[in-house]
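# Descriptive structure summary
One letter stands for each residue in the lines below.
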Amino acid sequence: MKGSSSQDVIGKTVEPSRKRKRHYRHDNLAGYAFLSPWLIGFVLFVFLPIAASFFLAFTKYDILRAPRWVGLANFEKMFTRDLRYWRSVKVTFFYVFTAIPLRLVFALICAMLLNTKRRMVSVYRALYYAPSVVGTSVAVAVMWREVFGKEGLVNYILAGFGIAGPIWLGDPNTAIWTLIVLAAWQFGSPMLIFLAGLKQIPPELYESASIDGADRWRKFLHVTLPMLTSVILFNMVMQMISGFLIFAQAFIVSNGTGAPMDSLLVYALYLYRQAFVTFKMGYSSAMAWVLLLVIAFFTAIVFKSSQYWVFYESEGGE
Amino acid sequence: MKKLVGCLLVVVMVSSMGLMAFAEDIELRIAWWGSQNRHDRTIKVIEMFMKEHPNIKISYEPSGWNDHWTKMSTQAAGGNLPDIMQQDYARVEEWVEKGMLHPLDELVESGVLDFSNVSEGNLSGGMVNGKLYAVNIGTNSECWLLDVDAFEKAGVALPPQDWTLDDFEKIALEIHEKSGIWGMGDGIDNEQRWKSNYLSSGTWAYSDDGKALGYTDNQLHIDYINMLLRLQEAGAIPSRADEVAEFDGQGVEAKAIVSGKAAMDYMWSNQIVAVWNAAGEDRNIVMVHPPRTKGGTAANYVKPGQFLSVTAHSKHPKEAAMFIDYFTNSVEANKVLLAERGVPISSVVAEGLKPLLTASQLEMFDYMARVEQDSSPLPPPDPIKHAEVIDNVYWPEFMDPILYGQMSVEDGIARFRELASEILAED
């Protein structure tokens, strides 16, 4: 009797859990099934190519012949014997550390100007965001070539003031500034994010600052900026990463060559030329992985430093 | 579930039956590079061919120069090259070595490709190791364009066919002095001029095996660059900054002679069609040989401008060759193409086109006839490393620093030789 009842009990306990297991497996299966389109796309078009490029970075590959293993030779050539490589690094660093701060500064200024409740504010917001919408488009870059051409808009305006404008796109010293101005002009995205961050600052803080006798500049320094630090961190990281990756604008403004005299040869453009002009796929794959490491390195530095200067309201601050 | 599988099976069977019905039609793909003008003309010719051969369907993939090679290389690696592709003299050998092109000799023997009206010389450019792999679809040559009206206004006589680089310098400076415009347009600092100058003096830029530079005397090059610097300084030619900002990569319609900013310009002979078109039909332009070195032969040669090849991946080489034959020999088709790629190789076609030619094209045809009589022999194609030498050394380490005044000519020449030799010698 006892045996049969325990058997019954055992039977009863086993049955439901088996049903439960089948239920969970069935749930999992449905989950994977819904995931599968994205998952397959990711594996085929993102993961596998990235893995392939890692392999190719250690080979010599010109597409028409099979890849040839060369070990670290690509990296060795890149770091020791390739002058254009270091030139492209210099250009890219100069661009990132000039254009990105400029862009963020303009974004913040504009966000503060737009942080009002006047009637036309939403129109202005759209207008200031518009340049970023057309952002990395080819059309804008082509137009930019015309604007800075020898007899383009900028020189036309300068001539009105009696100044003979330089040949912006032909002079190695001025060409990079056309790109930097283009980047600073497209501050729309960080501006909107700053705007959101500004709207989150509790007005009581400003009120208590006024009571303490703070003027506008001090309010900015001691209330606005500290409260915005988390947004600044986000914008800084995102813009820095996209700054390192810049390609389309440099490609079009320099006609794909990085001219004049390699002053517009940003890293991604040099990578592209190595891959598609001289067909050195292995070398450019190696360059891509070095870029990844560099971006990761700088991002890590920014994040590491963030614990010293970023204030998160959720953590109660200090 | 079973119902679903059943339905799928029915759909598959029906569609495969439908596909079998179409299997009679032959589908070809063709890829070429060029400007919109060329695309429009070529597409019309394709449609004409399809009308004559209703069982052959041709789909086309035109693009620009750079994109074309990127696309073709990728498709070659993927095993799906188009049946017909436009080829270039510098690349035919490489593609043949990698087994990507279908040999055409048997198609010539069987009469599919009819070259009875084509001279041997016009076919030799497409031959590798004595076998024909690519059909020349237009010959051209480097040329100098002269704006006759600008010369008249400056009171300068037109130069003769065998003028030298010294003559050129004098004329360019004189025109600039008398008229204030540039004597010469952009582009004479490119690598083709470097190679052509050495060709004119009897050598070639590269050695026979392509693993080293082919000349030892740098003086010719030094003199040429010094001439460029003098002309730049005097303002007789656009400065390098001008070139980069206004002319590089802008297409031939942007050349200085079109807008009257220069009295002379430099280009390939087939480009005169687009240039004259843009400059206006009422202009008075003549074509002359490029200036040669003192005591040298002509600096230019009859170049097979582009080729058409049948690729190794084609499943219908015979039909692909039929199209190439149509392209070469049909007078009707060439009336549409109107020699935009260069002078057609078939003498019958060239004659048939003469009555239709506009001033610009007549000038090109006459010029090519003159060049055939007075030119240097066709040099060997550029070695594989040529693109790398030009891209990584010629411009950034050599011409640009010199023309921007940041490096002396002698230093530049030594640097060029050192770096170029290194690249050419490596594997």
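The rules we used
Residues numbered from 1 in each chain as written. Chains lettered and ligands numbered in written order. Predicted model: local features only at pLDDT ≥ 70, side-chain atom pairs only at ≥ 80, totals over all residues. Domains from an automatic or database assignment. Contact = placed C-beta atoms within 7 Å. Helix = DSSP H or I, 4+ residues; strand = E, 2+ residues; numbered from the N terminus. Nonpolar A, V, L, I, M, F, W, Y, C, P; charged D, E, K, R; others polar. Pairing = 2+ DSSP bridges. Axes fitted to C-alpha atoms, helices over the stretch in contact; angles between N-to-C directions. Parallel < 35°, antiparallel > 145°, perpendicular 65-115°, else oblique. Left-handed = near helix turned anticlockwise from the far one by under 90°. Buried ≥ 20, exposed ≤ 12 C-beta atoms within 10 Å, placed from the backbone. pLDDT = per-residue confidence, 0-100.

Another aspect to go through is the domain arrangement of chain B. All names here are of chain B. As far as domains go, chain B holds domain 1 (28-139 + 303-373) and domain 2 (142-300 + 385-425). One C-alpha centre belongs to domain 1, the other to domain 2, and the line joining them spans 29 Å. In this complex, domain 1 contributes 17 residues to the contact, which on the side of domain 2 involves 14 residues. Counting residues per element, the side of domain 1 that touches domain 2 draws most heavily on helix α16 (residues 359-373), at nine residues. For the side of domain 1 that touches domain 2, a count of residues per class yields six nonpolar, seven polar and four charged.

Here the focus is the sheet that holds strand β10 (residues 262-268) of chain B. Strand pairing in a sheet is mediated by backbone hydrogen bonds. Such pairs are either parallel or antiparallel. Residue and element names in this part refer to chain B. Read across the open sheet, the four strands follow the order β9-β10-β8-β11; overall the sheet is mixed. Because the sheet does not close on itself, it has two edges, and the strands there are β9 (182-184) and β11 (285-288). On average, each strand axis in the sheet is inclined to that of its neighbour by 30 degrees, with strand direction left out of account. Two strands pair when backbone bridges link them, and strand β8 (residues 142-147) and β10 are joined in this way by five bridges, in the antiparallel orientation. Counted as the bridge partner of Glu-142 is Trp-268 from β10. Sitting on the sheet, helix α8 (residues 165-179) touches β9 and β10, and the angle it makes with β9 is about 160 degrees.

For the rest of this paragraph, the subject is the interface of chain A and chain B. The extent of an interface is frequently quoted as the accessible surface area lost upon association of the parts. Facing the 22 residues of chain A at the interface are 22 residues of chain B. For the side of chain A that touches chain B, the per-class residue count stands at 11 nonpolar, five polar and six charged.

Residues and elements named next belong to chain B. Between helix α12 (residues 272-279) and α16, the least distance of the axes is 9 Å, while the angle of their chain directions is 150 degrees. The angle between α12 and α16 places the two elements in the roughly antiparallel class. Our pair here, α12 against α16, has a crossing hand that is right-handed. Side by side, α12 and α16 meet where Ile-272, Val-273 and Trp-276 of the first sit next to Ala-359, Ser-360, Gln-361, Glu-363 and Met-364 of the second.

What follows concerns the environment of A:Arg273. Within the secondary structure, A:Arg273 sits in helix α12 (residues 267-276). C-beta crowding within 10 Å serves as the criterion here: with 22 such atoms nearby, A:Arg273 is assigned to the buried category. C-alpha separation for the pair A:Arg273 and A:Thr257, spaced 16 residues apart in sequence, amounts to 8.0 Å. Filtering out sequence-adjacent residues up to four positions away, A:Arg273 remains in contact with A:Thr278 and B:Asp391.

Attention shifts here to the confidence of the model for chain A. Residue and element names in this part refer to chain A. Here chain A averages 87 in pLDDT, while 91% of its residues score no lower than 70. Across chain A, helix α13 (residues 281-309) holds the top mean pLDDT of 94, while helix α1 (residues 2-56) sits lowest at 76. In the model, residues 1-8 has pLDDT below 50 throughout and makes zero contacts with residues more than four positions away in sequence or in other chains.

Another aspect to go through is the domain arrangement of chain A. We note that the domain assignment places domain 1 (2-56) and domain 2 (75-315) within chain A. Centre-to-centre separation of domain 1 of chain A and domain 2 of chain A, based on C-alpha positions: 45 Å.

Turning our eyes to something else, we now look at the environment of A:Phe148. Residue and element names in this part refer to chain A. Along the chain, Phe-148 turns up in the loop between α5 (138-147) and α6 (153-160). According to the C-beta neighbour criterion, Phe-148 is buried, with 26 such atoms within 10 Å. Sequence separation between Phe-148 and Gly-197 is 49 residues, and the spatial gap between their C-alpha atoms is 35 Å. If we ignore the near neighbours within four places in the chain, the residues touching Phe-148 are Val-154, Trp-168, Leu-169 and Thr-178.

Right, let's get into the sheet that holds strand β6 (residues 135-136) of chain B. Residues and elements named next belong to chain B. If you trace the five strands from one edge of the open sheet to the other, you get β2-β1-β3-β13-β6, paired in mixed fashion. Because the sheet does not close on itself, it has two edges, and the strands there are β2 (56-63) and β6. With four bridges joining them, strand β3 (residues 84-87) and strand β13 (residues 307-310) adopt antiparallel strand pairing. Among the inter-strand pairings, Gln-87 is bridged to a residue of β13, identified as Phe-307. Along the sheet face, helix α2 (residues 36-52) touches β1 (26-33) and β2 and points at about 175 degrees away from the line of β2.

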